[in-house]
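# Coordinate inspection notes
The chain contents come next:
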Amino acid sequence: MAYQVKPFSKRVVKAIWTTVLNVAVWIIAPYYLGTFLASVAPSTPLAIPTFVYEFGIIITVLEAAAVLTEGMAVSVPFVSATSLLMAYYLWLATEGGRIAVSAGGTNIVIGFQVLVYILMIPSLWGAIKAPMVYMVRRRAAQQAPPSAPP
Amino acid sequence: MKVKTPRGLKIIRTVTIVITLVLLAVVGSVIYSAYEEYNVAMNEFKGGQGIASTTSQQGLAQMATVNVTIPNKGLYDLNVTVSCPTQQQGSNAYCQSGTVMVAPGQQGILTFHVVVQDLSAFLGGNREINATVSVSLVPYASLSFVVNLGNYLKQGGA
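The model shown is predicted, which means the values in this text are computed figures rather than measured ones.

The rules we used
- Residues numbered from 1 in each chain as written.
- Chains lettered and ligands numbered in written order.
- Predicted model: local features only at pLDDT ≥ 70, side-chain atom pairs only at ≥ 80, totals over all residues.
- Heavy atoms only, no water.
- Helix = DSSP H or I, 4+ residues; strand = E, 2+ residues; numbered from the N terminus.
- Rg over C-alpha atoms; globule rule 2.2 N^0.38 Å.
- Buried < 20%, exposed > 50% of the residue type's maximum accessible area, 1.4 Å probe, protein only.
- Contact = heavy atoms within 4.5 Å.
- Areas by Shrake-Rupley, 256 points an atom, 1.4 Å probe, with all protein chains shown as cover.
- Lys, Arg positive; Asp, Glu negative; His and termini not counted.
- Charge placed at Lys NZ, Arg CZ, Asp CG, Glu CD.
- Buried area = accessible area lost by both parts, 1.4 Å probe.
- Salt bridge = Lys/Arg side-chain N within 4 Å of Asp/Glu carboxyl O.
- Nonpolar A, V, L, I, M, F, W, Y, C, P; charged D, E, K, R; others polar.
- Disulfide = S-S within 2.5 Å.
- Axes fitted to C-alpha atoms, helices over the stretch in contact; angles between N-to-C directions.
- Parallel < 35°, antiparallel > 145°, perpendicular 65-115°, else oblique.
- Left-handed = near helix turned anticlockwise from the far one by under 90°.
- Expected span 1.5 Å × (residues − 1).
- Patch = residues over 30% accessible without salt bridge, like charges linked within 9 Å, V, L, I, M, F, W, Y side chains within 5 Å.
- Pairing = 2+ DSSP bridges.

A count of helices and strands for chain B gives two helices and eight strands. Written out in order from the N terminus, the α and β elements of chain B read α-β-β-β-β-β-β-α-β-β. In terms of C-alpha radius of gyration, chain B reaches 23 Å, well past the compact-globule figure of 15 Å for 158 residues. Along the first, second and third principal axes, the C-alpha atoms of chain B reach 90 × 30 × 20 Å. Within chain B, the proportion of its 158 residues that are buried is 35%. By sequence separation, contacts in chain B at least 24 residues apart represent 59% of the contacts at least 6 residues apart. When the accessible area of chain B is evaluated, it comes to approximately 9,400 Å², of which 57% is carbon and sulfur surface. One way to put it: in chain B the 9 positive side-chain charges average out to a point 27 Å from where the 6 negative ones average out.

Now for the interface of chain A and chain B. Contact residues are listed per partner, giving 23 residues for chain A and 23 residues for chain B. Summed over both partners, the interface of chain A with chain B buries about 1,900 Å², with 76% contributed by carbon and sulfur atoms. One can count zero salt bridges joining chain A with chain B. Taken together, the elements giving at least two residues each to the side of chain A that touches chain B come down to strand E2 (106-111) and helix H4 (113-143) of chain A. Class assignment for the residues of the side of chain A that touches chain B results in 17 nonpolar, four polar and two charged.

Here we take up unusual backbone geometry. Note that the residue after Val138 of chain B, namely Pro139 of chain B, is joined by a cis bond; omega there is 0 degrees. Turning to its location among the elements, Pro139 of chain B is positioned in the loop between strand E7 (130-137) and strand E8 (141-148). Positioned with a positive phi, Glu95 of chain A is a non-glycine residue whose angle comes to about 55 degrees. Examined against the element boundaries, Glu95 of chain A turns out to sit in the loop between helix H3 (75-93) and strand E1 (98-103).

Attention now moves to the state of the cysteines. Residue and element names in this part refer to chain B. For the coordinates displayed, the defined rule picks out one disulfide over all chains. Bridging Cys84 to Cys95, the disulfide has an S-S length of 1.8 Å. Residues Cys84 and Cys95 are joined by a disulfide whose S-S torsion is about -125 degrees; by sign, that bridge is left-handed. With Cys84 in the loop between strand E3 (78-83) and strand E4 (93-96) and Cys95 in strand E4, this pair connects stretches of sequence that are 11 residues apart.

All names here are of chain A. Contact pair helix H2 (residues 49-68) / H3: the axes reach a minimum separation of 8 Å and the direction vectors enclose 160 degrees. Relative to H3, the element H2 is oriented roughly antiparallel. Our pair here, H2 against H3, has a crossing hand that is left-handed. From H2, Phe51, Phe55, Ile58, Ile59, Leu62, Glu63, Ala65 and Ala66 reach across to H3, where they touch Ser75, Phe78, Val79, Ala81, Thr82, Leu85, Met86, Tyr88, Tyr89, Leu92 and Ala93.

A few words on helix H1 (residues 7-43) of chain B. Given 3.6 residues per helical turn, the α-helix brings residues three or four places apart onto the same face. With 37 residues, H1 of chain B should cover 54 Å at 1.5 Å per step; its first-to-last C-alpha distance of 54 Å lies within 8% of that length. Among all positions in H1 of chain B, only Leu9, Ile12, Ile19, Leu23, Val26, Ser29, Val30, Ser33, Glu36, Glu37 and Val40 of chain B are buried.

This paragraph deals with a nonpolar patch on the surface. Residues and elements named next belong to chain A. A cluster of nonpolar side chains, contributed by Ile28, Tyr31, Tyr32, Tyr53, Ile57 and Val61, occupies part of the molecular surface with about 600 Å² of accessible area. Elements supplying a minimum of two residues to the nonpolar patch: helix H1 (8-40) and H2. Along the chain, Ile28 turns up in helix H1.

On to the sheet that holds strand E6 (residues 107-116) of chain B, then. Residue and element names in this part refer to chain B. In spatial order, the strands read E1-E2-E6-E4; together these four strands make up an open sheet with antiparallel pairing. A single partner strand is all that each edge strand has here, and the edge strands are strand E1 (51-58) and E4. On average, each strand axis in the sheet is inclined to that of its neighbour by 20 degrees, with strand direction left out of account. The pairing of E1 with strand E2 (residues 61-71) spans eight bridges and is antiparallel. Residue pairing for E2: Ala52 is matched across the bridge by Asn67.

A separate point is the pattern of salt bridges. Pairs can form between side chains of opposite charge whenever their charged atoms are close. Residue and element names in this part refer to chain A. Following the criterion strictly, the structure yields two salt bridges over all chains and no others. Measuring nitrogen to oxygen at the nearest pair gives 3.8 Å for the salt bridge that ties Lys6 to Glu70. Within this pair, whereas Lys6 is found in the segment before H1, its partner Glu70 is found in the loop between H2 and H3, the two being separated by 64 residues in sequence. A relative accessible area of 28% places Glu70 in the partly exposed class. Two residues, Glu70 and Lys14, come together in a salt bridge whose shortest N-O distance is 3.2 Å. With Glu70 in the loop between H2 and H3 and Lys14 in helix H1, this pair connects stretches of sequence that are 56 residues apart. Each of Lys6, Lys14 and Glu70 takes part in one network of salt bridges that share partners.

In short, the description is geometric, and any link to function would need to be established separately.
As structure tokens, then:
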């Protein structure tokens, strides 16, 4: 697996697609979910539009920056920061795994802390994985024999 | 010339795949178990099925013992608890907590008591006996809500 930085034009195209996808996943979808939740669980952070916009914009910007700098050392903090922010966002959006919902005049409390911890693991692993992958690929590129001249 | 994938990268990918598979298995099994327990709650207690009660005299008070048969059709232990607040001085009616842990594929009986000091006063006046019902898929998820047990008591016993 050679250590290569893709051409700038390819990275820009990929960054544009990544931005569009992230806007859909981290801003538009949570906004509509929050609109629905505002009626049954008004205290949840997802029901607050500024919460959705702030985190959505920051995650989108970090993801786009990670894609634009893909293959470079500077991409590692962007990838790790994105992963950590996703884990933090999940924690806040689920209120630590404890949500109060109003349904049919009854207050229901849903607890799922252990599930939230488990759901955070992939993001936390992603934050750790980014520097490890970079170091492994860089070492492999340094150890690879030079390509033979044509 | 094809470059060999570094061993470190293979290990990282393996760990990533394992984490993803474990996550999918846990979340999928919890959703399945929750769905099965929801079906049980909606279908198996219709018309008071699975709920039996007996009344007895305790001095001047009437005590209703309620037994609820709870099947567990999910994949995890099911814990059902009826938690009653500490009896307040002067209160005419109160409940005593009960809990049951049911293993997957098994049935358990939840038993709790409702005590009414003055039945006629209870039936003609304040029929509030609040209890918190908690249902947990141990250890992943739980659901709790407050219910007024007085709404389910009829003259002559539960």
